[in-house]
Amino acid sequence: MAVSGFEGFEKRLELHFYGDDPMGLRRLDFSGLQEVLDAVQCTVVSAVGNCFFDAYVLSESSLFVYPKKMIIKTCGTTQLLKSIPCLLGHADELGLTVCGCKYTRGNFIFPEAQPFPHTSFSEEVMYLEESLPNSLCYRKACIMPSKTSHAWHVYTASDDDHHQMVGHLVGPNTFTIEVCMTQLDAALARKFFRRHGDRSSGDAAGKEMTAATGIGEISPSALVCDFAFDPCGYSMNGVDGPHYSTIHVTPEDGYSYASFECVASAGGDLGEVLKKVVRVFRPGTMSVSICTGDGGVEMCSRVAAALRVVGYDARSCRVEDFPAAGSVTFQTFSIRRK
Amino acid sequence: MHFSGDDVRFYSSKLAASAAAVGINQGISFACVVCILYADSSLSNKIYTKEEKMAEEGTVISCHSLDAWNEQLQKGNDSKKLVVVDFTASWCGPCRFIAPYLGELAQMLPDVTFLKVDVDELKSVATDWAIEAMPTFMFLKEGKIVDKVVGARKEELQQKIAMHKPN
């Protein structure tokens, strides 16, 4: 492993609000949004919205803004949790009150490079506890271990009115899936480097990578907002009605990493989507975490069956219940050596 | 078009922001207001004074009525200039992100016409043009769609304008 390199593993924060205004958080003006992103230390690279939500590609990952929900996912050495005080302040001005929070992350490759409050999970939890209002009284923090280098860190908080609504943080009949992939296939990872001497824009180069790598086929009906960084790295957001998907790639050898995340309806073919994702990267090791109202155990067997077909063996499986979030599953896999 | 009290506040602050983005001095802000009032009065066969023509050049022209929209399209066809139409919505964050940049482009490129259509205000236009995501930029030349950019993608927008605008 390299002594130090770019940290691909993201931190992910999801905040839920209630209030009367149907446009809610989408009314936040750009200077307000800029303040939030300044606190995290990232900027907007490209963006698109539809009648359900706004999707932003950031210099370090992605932001999704729904009227009553915001999801920020950032990698590198960003200080994601520092956005909370600023965000809650702006939400308050818009007449919105926070009613749920979920923070998740994998295991950093370079933990010693992380700044406060991301120096350790206990530090992160302490910062969350101090930043969230007392009304979010149902709280739980947990590290879900595995037999690989991957581990899943989860924190959830919910208020009195919402904690008993099973799956309040995911929505009815939908689930959120987060996939973290390490040790990407070297030949496939090379496709996420800009061609030498290529002078096209990050937008245009991103579009080329989406097509050349097979990412465009993962959810063909989605509108893709993509960007290629210089000299390497790639980010995309997919917008498909009310559902988002997102992929981020750090292709450098020694600490290569790719993530895939999407929200899907319970009836959709999760297995097919996972197979397509795996074919794009062929990671040596990967983890899959699903947040679902119920049926976590059944989800685990569907995921394991799909990945077995494309040459991956399950190494571990955990299911944990969280207030308001429902079940969070965490499975790890490694590629079957011939 | 139905506005609640909040909508109106929000909408006018957005207009003020885009007027400020285009640049700036009172003269130009005033020109923007003139253009909006004019659009609402929906006069046809209007003869443009030199001042009015100058006022529109270098700004993003908001079309608030079907008449104003059709008239701007006609003008675009007649002038043979590249027309870039920004389909936007008041509640769309990415639209607010790109608005100041579009203002800068309009100022830098007086030989390109920049139009702005709010998809809630001119619903029928948005439907006819199959606008599903915002912002969507349509590139027109002599009444024909020659290209489009979906999303607030600064570099792509700039490159496509350079590609299509006459030298």
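Residues numbered from 1 in each chain as written. Chains lettered and ligands numbered in written order. Predicted model: local features only at pLDDT ≥ 70, side-chain atom pairs only at ≥ 80, totals over all residues. Heavy atoms only, no water.

An unreviewed UniProt entry lists chain B under the name Thioredoxin H-type-like protein, with Cinnamomum micranthum f. kanehirae as the source organism. UniProt annotates chain B under Sequence similarities (unreviewed entry) with the comment "Belongs to the thioredoxin family. Plant H-type subfamily." (UniProt positions renumbered as here; feature names shortened; annotations may be inferred.)

In the nomenclature of an unreviewed UniProt entry, chain A corresponds to S-adenosylmethionine decarboxylase proenzyme from the organism Cinnamomum micranthum f. kanehirae. The heading Sequence similarities (unreviewed entry) in the UniProt record of chain A holds the text "Belongs to the eukaryotic AdoMetDC family." Annotation of chain A in UniProt includes, under Pathway (unreviewed entry), the sentence "Amine and polyamine biosynthesis; S-adenosylmethioninamine biosynthesis; S-adenosylmethioninamine from S-adenosyl-L-methionine: step 1/1."

Observations regarding the nonpolar core
Here is a general trend for soluble globular proteins: nonpolar side chains tend to be buried in one another's company. Ranked by size, the top nonpolar core spans 56 residues in total, and within it Leu15(A), Leu63(A), Leu132(A), Phe114(B) and Ile161(B) carry the most contacts. The element best represented in this core is helix H5 (residues 93-108) of chain B, accounting for six residues. Excluding its chain neighbours within four sequence positions, the residues that come into contact with Leu132(A) are Leu15(A), Ile84(A), Cys101(A), Arg139(A), Tyr155(A) and Ala157(A). With 37 residues, the next largest nonpolar core counts Phe192(A), Phe281(A), Val303(A) and Tyr312(A) among its residues. (Core = buried A, V, L, I, M, F, W, Y, C linked by side-chain atoms within 4.5 Å. Buried < 20%, exposed > 50% of the residue type's maximum accessible area, 1.4 Å probe, protein only. Helix = DSSP H or I, 4+ residues; strand = E, 2+ residues; numbered from the N terminus. Contact = heavy atoms within 4.5 Å.)

Topic: the sheet that holds strand E15 (residues 312-322) of chain A
Residues and elements named next belong to chain A. Judged by pairing direction, the sheet is antiparallel, and its eight strands sit side by side in the order E10-E11-E12-E13-E9-E14-E16-E15 without closing on themselves. Whereas interior strands pair on both sides, the edge strands pair on one side only; in this sheet they are strand E10 (223-228) and E15. Between one strand and the next, the sheet's axes are offset by a mean angle of 10 degrees, whatever the strand orientation. As paired strands, E10 and strand E11 (residues 234-240) are joined by six bridges and run antiparallel to one another. Counted as the bridge partner of Leu223 is Val239 from E11. Against the sheet, helix H5 (residues 202-213) engages E10 and E11, with an angle of about 115 degrees to E10. (Pairing = 2+ DSSP bridges. Axes fitted to C-alpha atoms, helices over the stretch in contact; angles between N-to-C directions.)

Section: the packing of aromatic side chains
Each pair of aromatic rings is reported with the distance of its centres and the angle of its planes. All names here are of chain A. Counted according to the given criterion, the structure contains 14 aromatic pairs over all chains. Aromatic side chains Phe192 and Phe281 sit 5.7 Å apart centroid to centroid with 20 degrees between the ring planes, which places their arrangement in the stacked category. Placement of the pair is Phe192 in the loop between helix H4 (186-189) and H5 and Phe281 in helix H6 (residues 270-281), with a sequence separation of 89 residues. Given a relative accessible area of 1%, Phe192 falls into the buried group. Relative accessible area serves as the criterion here: at 1%, Phe281 is assigned to the buried category. An aromatic cluster of at least three residues, connected via ring pairs, comprises Phe53, Phe64, Tyr66 and Tyr244. For the cation-ring pair, Lys69 lies above Tyr66, with the distance from its terminal atom to the ring centre recorded as 4.5 Å. When the ring centre of Phe322 is taken as reference, the NZ or CZ atom of Lys140 above it lies at 4.9 Å. (Phe/Tyr/Trp six-rings, centres within 6.5 Å; stacked < 30°, edge-to-face > 60°. Lys NZ or Arg CZ within 6 Å of the ring centre and 35° of its normal.)

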